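A closer look at the structure
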Amino acid sequence: DAKTTQPTSMDCAEGRAANLPCNHSTISGNEYVYWYRQIHSQGPQYIIHGLKNNETNEMASLIITEDRKSSTLILPHATLRDTAVYYCIVRTANTGNQFYFGTGTSLTVIP
Amino acid sequence: DAGVTQSPTHLIKTRGQHVTLRCSPISGHKSVSWYQQVLGQGPQFIFQYYEKEERGRGNFPDRFSARQFPNYSSELNVNALLLGDSALYLCASSLEDRGTGATNEKLFFGSGTQLSVL
């Protein structure tokens, strides 16, 4: 079962930063946090993942709190194409590729 | 480079029928996973295969089965279809399976097969 809690929906103005929160209070020390997004009727797309340290790539930044019980995905300059459902996933150790998706956050970027 | 490819893209079946869905992983990827996504929900894990062996199974009935071939492609089979099996079926591949310890493999998903059961 999913071990994360995310808001159901969020809005963001185009060009502004989108900050998507995720709570994972029961995360274990060796479990990674992954973020994927899914645009309507397409397969989920990998965004970023991390263990303890903050991570940044060409798509987004991932900020993980020191106690690792929550994280925030940051899209620095949201565009209309960033409108999607964003999933925060804790990668459970010893379960291979069994990613447990919740219901995610539906992000709407407003012109 | 080709991503994960799935066929067919859309499929309509009637209750009680059987369906086979196909998936070709990214070249070099040896692990394939299957997910079911019902409208309005996140994807739910069905199976994982690595090197032709089943590595994991989600909470699905025995009507669901899968296999992986020597070229690492995979099939998902569903027997005795029910209306509730209507969903988007997603296939994902990854480079290798590290089933123990802290893992940080990325899953790459295909666009899915939309199955409608009437």
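These lines cover the structure that appears in this document, whether it is placed above or below. As the structure is a computational prediction, the values presented were derived from the model and not from experiment. (Residues numbered from 1 in each chain as written. Chains lettered and ligands numbered in written order. Predicted model: local features only at pLDDT ≥ 70, side-chain atom pairs only at ≥ 80, totals over all residues. Heavy atoms only, no water.)

As a further point, take the overall build of chain A. In terms of helices and strands, chain A carries zero helices and nine strands. When the helices and strands of chain A are placed in sequence order, the string is β-β-β-β-β-β-β-β-β. Whereas a compact globule of 111 residues would reach a radius of gyration of roughly 13 Å, chain A reaches 13 Å, a difference of no more than 12%. Projecting the C-alpha coordinates of chain A onto the three principal axes gives extents of approximately 40 × 30 × 25 Å. Taking all 111 residues of chain A together, the buried fraction comes to 48%. (Helix = DSSP H or I, 4+ residues; strand = E, 2+ residues; numbered from the N terminus. Rg over C-alpha atoms; globule rule 2.2 N^0.38 Å. Buried < 20%, exposed > 50% of the residue type's maximum accessible area, 1.4 Å probe, protein only.)

Attention shifts here to the pairing of strand S8 (residues 74-78) of chain B. Residues and elements named next belong to chain B. With five of its five residues buried, S8 lies for the most part within the structure. Covered by surrounding structure in S8 are Ser74, Leu76 and Val78 together with Glu75 and Asn77, the residues of both alternating faces. Looking at chain direction, strand S3 (residues 19-24) and S8 are connected through five bridges and run antiparallel. Each bridged residue has a counterpart across the sheet, and for arginine 22 the counterpart in S8 is glutamate 75. Pairing of strand S7 (residues 64-68) with S8 involves five bridges; the strand directions are antiparallel. Bridge assignment links arginine 67 to a residue of S8, and that residue is glutamate 75. Between S7 and S8, which pair antiparallel one after the other, the connecting turn spans five residues, and tyrosine 72 there sits at a positive phi close to 75°. (Pairing = 2+ DSSP bridges.)

A few words on the sheet that holds S7(B). Residues and elements named next belong to chain B. Strand order across the open sheet formed by four strands is S1-S3-S8-S7, with antiparallel pairing between neighbours. Unpaired on one side and paired on the other, strand S1 (5-7) and S7 mark the two borders of the sheet. The mean inter-strand angle of the sheet, taken between neighbouring strand axes irrespective of direction, is 15°. (Axes fitted to C-alpha atoms, helices over the stretch in contact; angles between N-to-C directions.)

So, on to the nonpolar core. The biggest cluster of nonpolar side chains holds 22 residues, and the ones touching the most others in it are Trp34(B), Ile46(B), Leu76(B) and Tyr89(B). Other than its neighbours up to four places away in sequence, Leu76(B) contacts Val19(B), Thr20(B), Leu21(B), Trp34(B), Ile46(B), Phe47(B), Ser65(B), Ala66(B) and Tyr89(B). Residues Leu20(A), Val33(A), Leu73(A) and Tyr86(A) belong to the second largest nonpolar core, which totals 21 residues. (Core = buried A, V, L, I, M, F, W, Y, C linked by side-chain atoms within 4.5 Å. Contact = heavy atoms within 4.5 Å.)

Attention shifts here to the pattern of salt bridges. Enumeration over the complete set of coordinates arrives at seven salt bridges over all chains. As a salt-bridge pair, Arg37(A) and Asp82(A) come within 2.8 Å of each other at their nearest N and O atoms. On the criterion of sequence distance, the pair formed by Arg37(A) in strand S3 (residues 32-38) and Asp82(A) in the loop between strand S7 (70-75) and strand S8 (84-91) is long-range, its members being 45 residues apart. Residue Arg37(A) shares its accessibility class with Asp82(A), and that shared class is buried. Residues Lys30(B) and Glu51(B) are paired through a salt bridge, measuring 3.5 Å at the closest nitrogen-oxygen approach. Linking Lys30(B) in the loop between S3 and strand S4 (31-37) with Glu51(B) in the loop between strand S5 (44-50) and strand S6 (53-57), this pair joins segments that are 21 residues apart in sequence. Residue classification places Lys30(B) among the partly exposed residues on the basis of a relative accessible area of 30%. Note on Glu51(B): relative accessible area 31%, which makes it partly exposed. (Salt bridge = Lys/Arg side-chain N within 4 Å of Asp/Glu carboxyl O.)

In short, geometric facts, not functional conclusions.
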